[in-house]
Amino acid sequence: MNDMTMFRLAISSVRKRTGAFVASFLAMFLGSAILMGFASMLDTAEAGDATGTARETLSIMANVVGGWGLLLVVFAVTSTLTLSVRQRAAEMALLKSVGATPAQLGRMIVGEAAGLALVAALLGIVPGMLIGRGLLGMLHDTNQVPADIGYSFGPMALSMGIGITLVSAVGAALITARRTTRVRVTESLTAAAVDTGRLSKKRIVFAVIFLLVAVQEAVVTITVMDGKGSDAMATSGQADILAAIGLALLAPAIMRRVTALVAGPLRLFGGAAGGLAADTMRRRTSALASAVTPIILFVSTAVGTLFLQATENAAMDASGLAKTNEQKNIETLNFVVIGMVVLFTAIMLVNTLVAATAHRRREFGQTRLAGATPGQVLGGVAVESAVLTITGVVVGTIASVFTIVPFGLARSDSATPDGSVWTYLGVVALAAVLTGATAYAATRRAVRVPAVEAALN
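Cut-off values and rules
- Residues numbered from 1 in each chain as written.
- Predicted model: local features only at pLDDT ≥ 70, side-chain atom pairs only at ≥ 80, totals over all residues.
- Heavy atoms only, no water.
- Helix = DSSP H or I, 4+ residues; strand = E, 2+ residues; numbered from the N terminus.
- Buried < 20%, exposed > 50% of the residue type's maximum accessible area, 1.4 Å probe, protein only.
- Contact = heavy atoms within 4.5 Å.
- Areas by Shrake-Rupley, 256 points an atom, 1.4 Å probe, with all protein chains shown as cover.
- Core = buried A, V, L, I, M, F, W, Y, C linked by side-chain atoms within 4.5 Å.
- Expected span 1.5 Å × (residues − 1).
- Polar contact = N/O pair within 3.5 Å; in protein donor to acceptor, adjacent residues only side chain to side chain.
- Bend = angle between axes of the 7 residues up to and from the residue.
- Salt bridge = Lys/Arg side-chain N within 4 Å of Asp/Glu carboxyl O.
- Axes fitted to C-alpha atoms, helices over the stretch in contact; angles between N-to-C directions.
- Parallel < 35°, antiparallel > 145°, perpendicular 65-115°, else oblique.
- Left-handed = near helix turned anticlockwise from the far one by under 90°.
- Nonpolar A, V, L, I, M, F, W, Y, C, P; charged D, E, K, R; others polar.
- Patch = residues over 30% accessible without salt bridge, like charges linked within 9 Å, V, L, I, M, F, W, Y side chains within 5 Å.

J.: How should I be thinking about the overall build of the protein in this particular structure?
T.: Scanning the protein from N- to C-terminus turns up 19 helices and 0 strands. For the protein, with 457 residues in total, the buried portion stands at 51%. If you take every contact in the protein between residues at least 6 apart in sequence, the share linking residues at least 24 apart comes to 86%. With an accessible surface of roughly 20,000 Å², the protein has 66% of that area assigned to carbon and sulfur atoms.

Here it is, written out as structure tokens:
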């Protein structure tokens, strides 16, 4: 099979798998816009000749928030690209069977990712400028940066936004392509039919590394930073994100275990919808892991940061001292992190669920031909969404503990965080609404297609 034929097949695949490619594209687009928006603070500091506290604030915004944004973007791009390729497992196996070489398949996967990343990054320039302007305006309004320092969008923003997006997409594609092309044809067809969600050794290693670093940050907070006041935020504030990424990397194993635990009760008490959900969850472990990942990140970061700040506010109120400019900067930074992560993970959650559900149209058609009603299909997906939400909330809450408890012990000698239970319930409710509403809407749209037509496409 020559390369021109492979190129035509790649174009055809993009047209047929629009949902999966849109998920990858949006991850790259949003990621590049966020990165460029925060990186432009470095251009602003340079062009405006900012000095002292103003320059430090702009640099912190670019380096700290932009750095965590980079980590989330790379993770999201890798997750969505893996989902895209996984949905094409049968297609890849057929290409191998008709003569496509591993090198050709690798070039096709990497070429698709590079093309999507370049277009996404270029389209992200204007939104990135708007994000940067909004961020600087917020810093002006809170008197953290003088009003005479104007906004600048230059080489730092462009190089970081376009370069990092392109490199992360190609890197993720190389990893995915290597895993896909090394599997034999028969194994690829089996994996396409039954998605067991087995973890690779490299994934386990990276998960352990992230979790160990999170534990280290928590221990340092409790010991070294004990009694250091708000300075303890420097170590505790990032522990929940590290723990969330580590646990999210283990999501296939977590979902496999969860499915094994709930399958029996669902079949026994859940009626037709529960039995249908149990059967499909057992076959779609990796897809469920991709969907639960943004829930884990969302809950962990939102709960961890909100209760971290609530504990800090309570400690300041108890001391009777007014907040310094540095503490105000940290508070602003925390809420900016929350806003960025909430927006990014919420969109990725919706995006991933829509792509994964759209891919199941044929499955829904076959299920209906086998005797299930559209209502039962919707009920089965609703049960899946409930399991996803509960799992994501529980795992995300566990990850948030890596931040909340160590900071509470270091700041006020209490493992119990300050803050309202309604804050936690609000985060949980938002996660549930996003998951349930998106899955329901996407499934309802899919079952509107006649069963025979859906089963044949």
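J.: Before we go on, may I ask you to explain the nonpolar core in this structure?
T.: Where a protein is soluble and globular, its nonpolar side chains tend to be buried together. One finds Val299 and Leu388 to be the most contacted residues of the largest nonpolar core, which totals 44 residues. Mapped by element, the contributors of at least two residues to this core are α9 (201–223), α11 (239–249), α12 (251–269), α13 (271–283), α14 (285–319), α15 (325–358), α17 (374–412) and α18 (421–447). In terms of residue count, α14 provides more of this core than any other element does, 12 residues in total. With sequence-adjacent residues up to four places away left out, Val299 is seen in contact with Gly304, Gly392, Val393, Gly396, Thr397, Val427 and Ala431. In this structure, Ala27, Leu30, Ala39 and Leu135 belong to the second largest nonpolar core, which totals 31 residues.

J.: How should α13 be read in this particular structure?
T.: What sets the pattern is the α-helix's 3.6 residues per turn: residues three or four places apart point alike. If you check α13, its first and last C-alpha atoms are 19 Å apart, about what 13 residues at 1.5 Å a residue would give, namely 18 Å. Every buried residue of α13 is listed here: Ala273, Gly274, Gly275, Ala277, Ala278, Thr280 and Met281. For α13, the secondary structure elements touched by its buried residues are α12, α14, α16 (361–369) and α17.

J.: What should I look at first to understand the side chain of Thr403 in this one?
T.: In this structure, Thr403 sits in helix α17. Here Asp240 takes part through its backbone nitrogen, which lies 3.0 Å from a polar atom of the side chain of Thr403.

J.: Could you clarify how one ought to interpret unusual backbone geometry in this entry?
T.: Excluding glycine, most residues fall at negative phi; most peptide bonds, likewise, are trans. Of note in this structure, Asp49 is not a glycine but carries a positive phi near 50°. Inspection of the secondary structure puts Asp49 in the loop between α2 (18–47) and α3 (52–86). A positive phi angle, close to 55°, is found at Asp413, a residue other than glycine. Considering the arrangement of structural elements, one finds Asp413 in the loop between α17 and α18.

J.: Can you help me understand the environment of Asn313 in this one?
T.: With respect to the element layout, Asn313 can be found in helix α14. Here the alpha-carbon distance between Asn313 and Lys323, two residues 10 residues apart in the chain, equals 9.2 Å. Discounting chain neighbours no more than four positions away, the residues touching Asn313 are Lys323 and Glu331.

J.: Can you help me understand α17 in this one?
T.: Here α17 is 39 residues long and its end C-alpha atoms lie 54 Å apart, about the 57 Å a rise of 1.5 Å per residue gives. When the local axis directions of α17 are compared, the greatest deviation, roughly 35°, occurs at Val401. Just downstream of α17 lies Asp413, where phi reads positive at about 55°.

J.: Even after reading the chapter, I still don't get the pattern of salt bridges, so can you show me in this structure?
T.: Opposite charge on two side chains permits pairing when their charged atoms draw close. Across all of its chains, the model carries 4 salt bridges by this definition. Note that Arg411 and Glu312 form a salt bridge whose closest N and O atoms lie 2.6 Å from each other. Placement of Arg411 in helix α17 and of Glu312 in helix α14 is noted, with a sequence separation of 99 residues between them.

J.: How should I be thinking about the packing of α12 against α13 in this particular structure?
T.: Axes are the key here: two packed helices are described by the angle between their axes and the distance separating the axes. Interaxial distance between α12 and α13 falls to 7 Å at its minimum, and their mutual angle equals 155°. Classed by the angle they form, the pair α12 and α13 counts as roughly antiparallel. The handedness of the crossing between α12 and α13 is left-handed. The residues of α13 that touch α12, namely those facing Thr259, Val262, Ala263, Leu266, Arg267 and Phe269, are Gly271, Gly274, Gly275, Ala278, Asp279, Met281 and Arg282.

J.: What's the story with the side chain of Thr435 in this structure? I'm lost.
T.: Tracing the backbone shows Thr435 in helix α18. If near-sequence neighbours (up to four positions away) are discounted, Thr435 is found in contact with Ile295, Leu349, Leu353, Ser385 and Thr389.

J.: Can you help me understand the packing of α16 against α17 in this one?
T.: Here α16 crosses α17 at 130°, and the two axes come no closer than 10 Å. Between α16 and α17, the angle is such that the two are oblique. In this structure, α16 crosses over α17, and the sense of that crossing is right-handed. On α17, the residues touching Phe364, Thr367 and Arg368 of α16 are Pro374, Val377 and Val381. Residues of the contact of α16 with α17, tallied by class, amount to 4 nonpolar, 1 polar and 1 charged.

J.: Any chance you could explain a nonpolar patch on the surface here in plain terms?
T.: A contiguous nonpolar surface patch, about 230 Å² in accessible area, is contributed by Leu118, Leu122 and Leu166. Here Leu118 shows up in helix α5 (residues 102–123). For Leu118, a relative accessible area of 40% translates into the label partly exposed.

J.: Where do I start with the environment of Val292 in this structure?
T.: Mapped onto the secondary structure, Val292 falls in helix α14. Overall, Val292 belongs to the buried group, its relative accessible area being 1%. In this structure, the C-alpha to C-alpha distance between Val292 and Val395, residues 103 residues apart in sequence, is 9.5 Å. Excluding residues that lie within four positions of it along the chain, Val292 makes contacts with Ala251, Met255, Leu388, Thr391 and Gly392.

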